[in-house]
Number of protein chains: 2
Amino acid sequence: MEKLIRVMDEEMQAVGGQKVNMPSLSSAELWHASGRWDKMGMELFRLEDRHGKGYCLGPTHEEAVTQLVAAHSNLSYKQLPLRLYQITRKFRDEPKPRFGLLRSREFYMKDMYTFDASEEAARQTYKLVCDAYCSLFNRLGLPFVKVRAATGNIGGTMSHEFQLPADVGEDRLVLCPDGHFAANVETLNGEQTSCPTCGEKLTQTRGIEVGHTFYLGTRYSSISNAVFCSHENKPQLAEMGCYGLGVTRILAASIEVLSTEDNIRWPSLITPYQLCFIPPKRGSKEEEEGGALLDRLYNDLAEALPHLTGDSVLDDRTQLTIGKRLKDANKLGYPYVIVAGKRVCEDPPVFEVWNQNAGEVLFLTKEGVVELLSKAQVP
Amino acid sequence: MEKLIRVMDEEMQAVGGQKVNMPSLSSAELWHASGRWDKMGMELFRLEDRHGKGYCLGPTHEEAVTQLVAAHSNLSYKQLPLRLYQITRKFRDEPKPRFGLLRSREFYMKDMYTFDASEEAARQTYKLVCDAYCSLFNRLGLPFVKVRAATGNIGGTMSHEFQLPADVGEDRLVLCPDGHFAANVETLNGEQTSCPTCGEKLTQTRGIEVGHTFYLGTRYSSISNAVFCSHENKPQLAEMGCYGLGVTRILAASIEVLSTEDNIRWPSLITPYQLCFIPPKRGSKEEEEGGALLDRLYNDLAEALPHLTGDSVLDDRTQLTIGKRLKDANKLGYPYVIVAGKRVCEDPPVFEVWNQNAGEVLFLTKEGVVELLSKAQVP
């Protein structure tokens, strides 16, 4: 999760995002004002403090961030756009929490809120943030589709979802095979079977929603009076957008989408550990020399590729066979597994390297291992 | 806050800490079982989900972590000690939230929970974690005292607080000037005026509590039946400790303790930005050459000390005088402020460098600036 957050920070800050941290407890007044206290229904966790004042646990923060910006009474058009984001725990009283982190009542979300001086500028921001989301999923190596989506109780006039196609997904999508059209079926009026642009037959798939973008206009800024001082020196309502990414959900969805029946697969960039070292079995004839050579390989790697030192695991359960430990390593999803096997006693020593995401076994000298791993990225 | 969290991660992982992330919503059953549902009184935020099931918002996580460990039915003494920690938001319905982040109803806390095979081992763990806390405060350059403390509603048989002496502190402390004795007065029976070891007169001070350690014994493990399989192959209750550090509170307390009437001071290691660059005023005779030389200095620094590139701010409000911007920089607490002042047009160019934490102004060439800043640390 910390690696994924680092990648998100990079992408959000590359589009001018400034990181903030808003409270989980959000006052009932604020939600009454926006109308969402009632609209959210049972999904909102509600509570009272010792003085009987009402709160909800924030599922998203449109109300809170708009109030924050509205409190800056001297905001000038020169200070816009403002692109504020946080990566914090959110709360939703789900009727059916399920599939572990895919749908839980507490989860981590990256939520960005943008404030622009005009509709045109806000639409540019919208495009920029969507592009950052595409960049994120591309860097993670996750096949995704961006589809037209409904605005739901967030509101606004334009919305897209980022979906990972998967059988366990809860959303139904229709896609033009040539990429002209993609939508969540809940946005369609009646059944649509062919692409409105090219006429090709639309394919159907299920998807896991991992991101959602909204062009909000002045829906929230008009409620809290979030204004800036325009070029003409007049107060003007900020044009807003909001942009969510499911942090914990992306972790679970990645595994769901990339894994095979037998093996967990992580996006290499955010795998908990890149490397697993497996020394020889206790009592084997390679035990002593093989263990020492693997130690030396670790040290050489630490020198050549210092960013990987915190990303290595040594499976020192040498009472177990190499085969048993290799099987466990597959289940845990290390992208690279380095075994001191039978050929480690050759001159020069040869290591058995399982490049899991490529599905291949390589027999490499120390230099070969260093070269292979020089491609491994750590955010 | 992210820098402080990085330093805490380093210290906790250096003593074998493994980072976890526990839910904020904690079930009422768990808190009834420990007796704290009633004992915590009004401080606990309580709520119900859509099915009428009771929860609190976790102020600490003894119950939750003990249940987590108890769920591992095959835990062996070989796997102990377990040292689990998290850095998450905590909730307390404070009667009087005040002083901003010093006492708020939502705050970030680092909480570690340890599980040992014997009382002796647990006491070693206790010492180790206390030493890590000392190391943390030393690295931050914060004057602190470790005092005997009451165990309150957490329970256990031994407890210490880490306190930053400060007038606004809510705790009253007595200290032996030679360091033999230090206690929170609430732990004393009646008035104690001289050191029980050396007889010296105790001094009084107020303090801000920034850390708290507890030796818990089996208070919680006996409730959840958190057992491990002993050397003799018998189930045995784990000996526990818990250890808190106030993350957001340390931020506020640092400023409180280090700042002067006019200037904010941060611990250098966790200052939001290490450097502020102030180019010449618009229209001044140094404007063009000075601005270009400051740009070049930034590039040279970025090459020589790449870890500082994300730690630099350029104050490009060149419509303001250097003096006005310098004043703002003091208020914001950058440890180093680099001004392209009158002497920037000399050959070689001389920069005016305010080394705020040392309280000195230096006139340095490019090489001098690089040498000075090579001491600046970023976690």
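Note that the coordinates shown come from a computational prediction; the quantities given were computed from them, not determined experimentally.

Topic: empty space enclosed by the protein
Residue and element names in this part refer to chain A.
Turning to step 1, where the next piece is worked out: Counted under the stated rule, the structure contains one cavity of 30 Å³ or more.
Turning to step 2, where the next piece is worked out: Approximately 40 Å³ is the volume attributed to the largest cavity.
Turning to step 3, where the next piece is worked out: In terms of lining residues, the largest cavity is bounded by L275, F277, Y298, L301, A302, L305, L308, T309 and S312.
Turning to step 4, where the next piece is worked out: Among the elements of the structure, β15 (275-278) and α8 (287-304) are those that each provide at least two residues to the lining of the largest cavity.
Turning to step 5, where the next piece is worked out: Among the elements that make up the lining of the largest cavity, the one with the highest residue count is α8 (three residues).
Turning to step 6, where the next piece is worked out: Across the lining of the largest cavity, the residue classes break down as seven nonpolar, two polar and no charged.

Points about the UniProt feature "domain: Aminoacyl-transfer RNA synthetases class-II family profile" (unreviewed entry) in chain A
Turning to step 1, where the next piece is worked out: Taking the UniProt record as the reference, the feature "domain: Aminoacyl-transfer RNA synthetases class-II family profile" (unreviewed entry) is found at residues 1-267 of chain A.
Turning to step 2, where the next piece is worked out: Between the C-alpha atoms that bound residues 1-267 of chain A the distance is 12 Å, and the span itself is 27% helix and 31% strand.

Some remarks on the domain arrangement of chain A
Turning to step 1, where the next piece is worked out: Domain boundaries assigned for chain A yield domain 1 (2-258) and domain 2 (273-373).
Turning to step 2, where the next piece is worked out: Inter-centroid distance (C-alpha atoms) of domain 1 of chain A to domain 2 of chain A is 43 Å.

What to know about the side chain of S254 of chain B
Residue and element names in this part refer to chain B.
Turning to step 1, where the next piece is worked out: With respect to the element layout, S254 can be found in helix α7 (residues 247-258).
Turning to step 2, where the next piece is worked out: Judged by its relative accessible area of 0%, S254 is buried.
Turning to step 3, where the next piece is worked out: Dropping the residues within four chain positions of it, S254 is found in contact with L142, R265 and P267.

A short note on the sheet that holds strand β18 (residues 351-355) of chain B
Residues and elements named next belong to chain B.
Turning to step 1, where the next piece is worked out: Sheet architecture is open: five strands sit in the order β16-β15-β17-β18-β19, paired in mixed fashion. What marks the edges here is a single partner per strand, and that holds for β16 (312-314) and β19 (360-364). Taken over all neighbouring pairs, the strand axes of this sheet differ in orientation by 20° on average, direction set aside.
Turning to step 2, where the next piece is worked out: Bridge analysis of strand β15 (residues 275-278) against β16 gives three bridges, and the strand direction is parallel. The residue bridging L275 from the neighbouring strand is S312, located in β16.
Turning to step 3, where the next piece is worked out: Along the sheet, helix α8 (residues 287-304) makes contact with β15, β16, β17 (336-339) and β18, crossing β15 at roughly 155°.

Focus: α8 of chain A
All names here are of chain A.
Turning to step 1, where the next piece is worked out: With 18 residues, α8 extends 26 Å from end C-alpha to end C-alpha; this agrees with the ideal 26 Å at 1.5 Å per step.
Turning to step 2, where the next piece is worked out: Every buried residue of α8 is accounted for by G290, L293, L294, L297 and L301. Down the axis of α8, the sector holding all buried residues measures 100°, keeping them to one side. Of the exposed residues in α8, those oriented more than 90 degrees away from the buried face are E288, R296 and E303.
Turning to step 3, where the next piece is worked out: Residues of α8 that are buried sit in contact with β15, β17 (336-339), β18 (351-355) and α10 (366-373).

Considerations on the interface of chain B and chain A
Turning to step 1, where the next piece is worked out: Each partner contributes to the interface: chain B provides 29 residues, whereas chain A provides 29 residues.
Turning to step 2, where the next piece is worked out: Roughly 2,300 Å² is buried in total at the junction of chain B and chain A, and carbon and sulfur atoms are behind 47% of that figure.
Turning to step 3, where the next piece is worked out: Three residues, L25, R50 and R89 of chain B, lead the burial of chain B against chain A; their summed loss comes to 27% of the area buried on that side.
Turning to step 4, where the next piece is worked out: At the junction of chain B with chain A, the criterion picks out five salt bridges.
Turning to step 5, where the next piece is worked out: Inspection of the region where chain B meets chain A yields 20 residue pairs in polar contact (both at pLDDT 80 or more).
Turning to step 6, where the next piece is worked out: Here the side of chain B that touches chain A is composed, by residue class, of 12 nonpolar, four polar and 13 charged.

Here we look at the packing of aromatic side chains
Turning to step 1, where the next piece is worked out: Enumeration over the complete set of coordinates arrives at 12 aromatic pairs over all chains.
Turning to step 2, where the next piece is worked out: When the centroid spacing of 5.5 Å and the interplanar angle of 40° are considered together, the rings of F137 of chain A and F144 of chain A count as tilted.
Turning to step 3, where the next piece is worked out: Looking at F137 of chain A, the relative accessible area reads 0%, which means it is buried.
Turning to step 4, where the next piece is worked out: Among the aromatic residues, those joined into a cluster by ring pairs are Y133, F137, F144 and F162 of chain A.
Turning to step 5, where the next piece is worked out: Stacked on the ring of Y215 of chain B, the Lys or Arg R123 of chain B has its end atom at 4.5 Å from the ring centre.

What to know about the sheet that holds β17 of chain A
All names here are of chain A.
Turning to step 1, where the next piece is worked out: Read across the open sheet, the five strands follow the order β16-β15-β17-β18-β19; overall the sheet is mixed. The open sheet has two free edges, formed respectively by β16 (312-314) and β19 (360-364), since each of these has just one partner strand. Neighbouring strand axes in the sheet, compared pairwise and without regard to direction, differ in orientation by 20° on average.
Turning to step 2, where the next piece is worked out: Looking at chain direction, β18 and β19 are connected through five bridges and run antiparallel. Residue pairing for β19: N355 is matched across the bridge by E360.
Turning to step 3, where the next piece is worked out: Packed on one face of the sheet, α8 meets β15, β16, β17 and β18 and runs near 155° to β15.

Conventions used here
- Residues numbered from 1 in each chain as written.
- Chains lettered and ligands numbered in written order.
- Predicted model: local features only at pLDDT ≥ 70, side-chain atom pairs only at ≥ 80, totals over all residues.
- Heavy atoms only, no water.
- 1 Å grid on protein atoms, 1.4 Å probe; cavity = no way out; pocket = protein on both sides within 12 Å on 5 of 7 lines; lining within 4 Å.
- Points joined across faces, edges and corners; volume = space filled by probe spheres on them.
- Helix = DSSP H or I, 4+ residues; strand = E, 2+ residues; numbered from the N terminus.
- Nonpolar A, V, L, I, M, F, W, Y, C, P; charged D, E, K, R; others polar.
- UniProt positions renumbered as here; feature names shortened; annotations may be inferred.
- Domains from an automatic or database assignment.
- Buried < 20%, exposed > 50% of the residue type's maximum accessible area, 1.4 Å probe, protein only.
- Contact = heavy atoms within 4.5 Å.
- Pairing = 2+ DSSP bridges.
- Axes fitted to C-alpha atoms, helices over the stretch in contact; angles between N-to-C directions.
- Expected span 1.5 Å × (residues − 1).
- Arc of directions from axis to C-beta.
- Buried area = accessible area lost by both parts, 1.4 Å probe.
- Salt bridge = Lys/Arg side-chain N within 4 Å of Asp/Glu carboxyl O.
- Polar contact = N/O pair within 3.5 Å; in protein donor to acceptor, adjacent residues only side chain to side chain.
- Phe/Tyr/Trp six-rings, centres within 6.5 Å; stacked < 30°, edge-to-face > 60°.
- Lys NZ or Arg CZ within 6 Å of the ring centre and 35° of its normal.

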